[in-house]
Amino acid sequence: MNNTSTADGQTSQVSPEIRKSIQNAYRQYLKARDMKPRSGQRHMIAEIARYLSSIALDGDFKRSSDPGACVIEAGTGTGKTLAYLISSLPFAAALRKNIVVSTATVTLQQQIIERELPLIQQHTGLDFSIALAKGRGRYLCLHRLDMHLQGEQQGALALGGTGFELEQPDEYSAQHYQQFLDWMVDAGWAGDFDSLPEPVDERLWGLVTTDHRQCLNKRCGFLSQCPYFRNKAQVDQASIIVANHDLVFADLNLGGGFILPPPEQTIYIFDEAHHLADKAISHFAFSAGLKSSQKNLRALSKAIADGQSAWADDREIRGHVEPISSLGIECNQRLEELHKYFWSAVEWQRERDSNIASHRYPMGQLPEECQKLAAATAKKTEELTFELSDLLKRLRELVDQERQGALARQMLEQALMNLAQSLSQMENLDAVWGQMSKNQQVESIPSARWLTSIGDDSESDILVHVSPTNVSDMLQQRLWQRAFAVIMTSATMSVAGSFERLNMQSGVPEGAFYAIHHSPFDFANKCTLQLCDVGYEPSDRMEYLESLSEAIKELVNPAEGTLVLFSSRRHMEFVSDYLQETYAPDFLLVQGSVNKNQLLDSHRQRIEKGQGSLLFGLASFAEGLDLPGKFLTHVIIAKLPFSVPDDPVESTYAEWLRTKGLNPFQQVVLPDAITRLLQACGRLLRSEYDEGVISLCDRRLWTKSYGHTILQALPPYSRKKLTFAQA
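Residues numbered from 1 in each chain as written. Predicted model: local features only at pLDDT ≥ 70, side-chain atom pairs only at ≥ 80, totals over all residues. Heavy atoms only, no water.

(A) Just the pattern of salt bridges, in detail. Throughout the structure, instances matching the rule amount to 31 salt bridges. The residue Lys279 makes a salt bridge to Asp246 at a minimum N-O spacing of 3.7 Å. Placement of the pair is Lys279 in helix 10 (residues 276-283) and Asp246 in helix 9 (residues 245-253), with a sequence separation of 33 residues. In the salt-bridge network here, residues are joined through shared partners; they are Lys134, Arg138, Asp192 and Asp194. (Salt bridge = Lys/Arg side-chain N within 4 Å of Asp/Glu carboxyl O. Helix = DSSP H or I, 4+ residues; strand = E, 2+ residues; numbered from the N terminus.)

In structure tokens, the structure reads:
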């Protein structure tokens, strides 16, 4: 690891101490585990070290150089997790930084926490502490649990999505709530959802957890016992923190440093980084129902009335109550006007055989009348949110003035939690209408705006959606400008050797370092790619679905582990029903029939007994699924994984690209489909010892001009073509 060249051509020197630390750690690890160094892994270690050493520092160890990034595509089998951990840990220690490793899937998160990091601790001599970071919603709130057990939660609001439904106080008994305490005392349960001793209904869990608005923080009498804050204390002290993309964006959206270490103090490592932009888009998208928001406003009015006895005659709070009441009425009127307008003025597109209707505004542009209504609504939701926020600020001051455990304090805490819940809902409503009311600049990348309705009468609720179509600017402000360092890695980030799509999506800074390390697997001898002609191009036509079903039946060997991946739930269900009588009841395992872990356990158990097993899955089974060796020897891909053609976010972005003279299919649709296909194919070979067959049942690979591009992007599998009787 000597002098290396940075992306801008300057040279950088890894300090002798850090270089020695990395080399010794790597050497010890390989020796202890009787492993040989891998070429791609060694290069990846050197590249990350080069990038981190190129960051200029001021006297306080803060980054003084321009934002940068290290983007490394590393194929399956490279050993990228070990590479980025063993190269970054010595730097983090020397530079007094934290490492946040962020993944897109729980599977990889568990692998890093339970296997990779403990092995590095055990075999390298590197000294570091580890913590797993999760949001408040994954932890039991002892304060809410206590209120349920005391019967003080009657009539409180349940916060979940955009439903704004009133709780049913008699839905769960005291025994339901008591079981959480019993598990903590008798089973040593730590209070987090992911280690529950028994499955719990999600609605029940929603009643005993909280969010950052409702959490009483240091005011809570259960603070010292709180499962979330106990974990937070570990996170605050840890040198390496494992999180997920959603939690990272939640923290960045709050300003950074609330859940995770401040960005300026952090070396971010985004594994499965091909998901980064999509996760960001989802995080910064908002939706709210018109009717359900009106119900929420009524519930807010009730929460204010119920809280009167708690804050008694406090003059400052009384000064907010009247404006909140009148603004609530005005917001309700605006929402009613919008509902009538949308129902009469919009040309709804109704889904076939469904009562779901939708309408998308081309380029996100609203008609003039709609724009005016949206602006008027946004003005009122902003004012209401502001008043409610000030009321809560005063309410927190009153809580602090009361003695811990006093009845007056308990009443104030109850009011605070109820109104904080309302504030979260108001902030969401304000975000929706704030985004809806913005004028779209002609040159700017537009936001997508669309409506959905379930039902076919004028009383049906209408959900209003707004979403960014590109997050490069948002990531520029929240991540790139602030982060000390960012390392991005995945097995699939480039398309035909180009990172253009990734850069377009994520706004990776200029001057970033890029590298590609291909998988060391012997694809040609370990895997056969079967190009299967089922006689029809993919469609919803009965002829195609029946032909696909017959082809899958012929392809499946009942004695082996097989995974069939579908891009359409309807197609999966059709083929499943079609083949149901062909196989024994427990041979065909379909995603959604039971939870994912149970399904995979059943699959493994059958394979272990030598019985064979057939798994049917959708997109979530095409990534993060690790079934090595005999557990999976055949992957069947029903069709090329193109995105849904009428997705409102992608459709809006495609319209904008066309105005720039660009081709959305070539720029977005095809690269994304190739990335998904590579991930799906990657389910087969999980180690150098694995082997098997991939069957692609989509004739467009050789009948369409883009088929050659897709085939060229795949690893060098040996190939053969199969034609079924229907062709």
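(B) Broad picture of empty space enclosed by the protein. Evaluated as defined, the whole model comprises 2 cavities of 30 Å³ or more. Taken as a whole, the largest cavity holds about 160 Å³ of empty space. Taken together, 19 residues form the lining of the largest cavity, with Cys141, Thr210, Cys215, Cys220 and Cys226 sitting closest to its centre. At the level of secondary structure, the elements contributing two or more residues to the lining of the largest cavity comprise helix 5 (142-149) and helix 8 (227-237). Top contributing element to the lining of the largest cavity by residue count: helix 8, with 3 residues. When its residues are assigned to classes, the lining of the largest cavity shows 14 nonpolar, 4 polar and 1 charged. Estimates place the volume of the second largest cavity at around 40 Å³. Taken together, Ala133, Lys134, Tyr228, Asn231, Lys232, Val235 and Ile259 form the lining of the second largest cavity. (1 Å grid on protein atoms, 1.4 Å probe; cavity = no way out; pocket = protein on both sides within 12 Å on 5 of 7 lines; lining within 4 Å. Points joined across faces, edges and corners; volume = space filled by probe spheres on them. Nonpolar A, V, L, I, M, F, W, Y, C, P; charged D, E, K, R; others polar.)

(C) Summary view of the nonpolar core. Formed by 52 residues in total, the largest nonpolar core has its most connected members in Trp311, Phe342, Leu395, Leu419 and Trp433. Only helix 11 (290-311), helix 12 (315-345), helix 13 (368-401), helix 14 (407-437) and strand 12 (462-468) provide two or more residues apiece to this core. Per element, the largest residue contribution to this core is 12 residues, and it comes from helix 14. Those residues in contact with Trp433, other than ones at most four positions away along the chain, are Leu290, Leu335, Leu338, Phe342, Ala374, Thr377, Ala378, Thr381 and Val464. Within the second largest apolar cluster, 44 residues are counted, among which are Ile48, Ala83, Leu108 and Leu119. (Core = buried A, V, L, I, M, F, W, Y, C linked by side-chain atoms within 4.5 Å. Buried < 20%, exposed > 50% of the residue type's maximum accessible area, 1.4 Å probe, protein only. Contact = heavy atoms within 4.5 Å.)

(D) Representation of the layout of surface pockets. Quantified by volume, the second largest pocket comes out at close to 640 Å³. For the second largest pocket, the lining is made up of 25 residues, of which Gln435, Lys438, Ser447, Pro468 and Met474 are closest to its centre. A per-element tally of the lining of the second largest pocket places helix 15 (residues 472-480) first, with 5 residues. Here the residues of the lining of the second largest pocket are counted per class, giving 8 nonpolar, 13 polar and 4 charged.

(E) The confidence of the model for the chain, seen in detail. Per-residue confidence for the chain gives a mean pLDDT of 90; residues scoring 70 or more make up 95%. Taken together, the stretch residues 1-11 has pLDDT below 50 and engages in 21 contacts with residues farther than four places along the chain or on a different chain. In this model, residues 152-170 is a region of pLDDT below 50 whose contacts with residues beyond four sequence positions or in other chains number 52 contacts. (pLDDT = per-residue confidence, 0-100.)

(F) A look at the packing of aromatic side chains. Applying the stated rule across the entire model yields 22 aromatic pairs. For the pair Tyr268 and Phe270, a centre-to-centre distance of 5.8 Å together with 5 degrees between the ring planes defines the contact as stacked. The residues Tyr268 and Phe270 share a single accessibility class, namely buried. Look at Trp343 and Trp348: their rings are 5.7 Å apart centre to centre, the planes differ by 50 degrees, and that puts the pair in the tilted class. Grouped by ring-pair contacts, the aromatic residues Phe180, Trp183, Trp189, Phe193 and Trp205 constitute a single cluster. Between the NZ or CZ atom of Lys97 and the centre of the ring of Phe484, over which it lies, the distance is 4.8 Å. (Phe/Tyr/Trp six-rings, centres within 6.5 Å; stacked < 30°, edge-to-face > 60°. Lys NZ or Arg CZ within 6 Å of the ring centre and 35° of its normal.)

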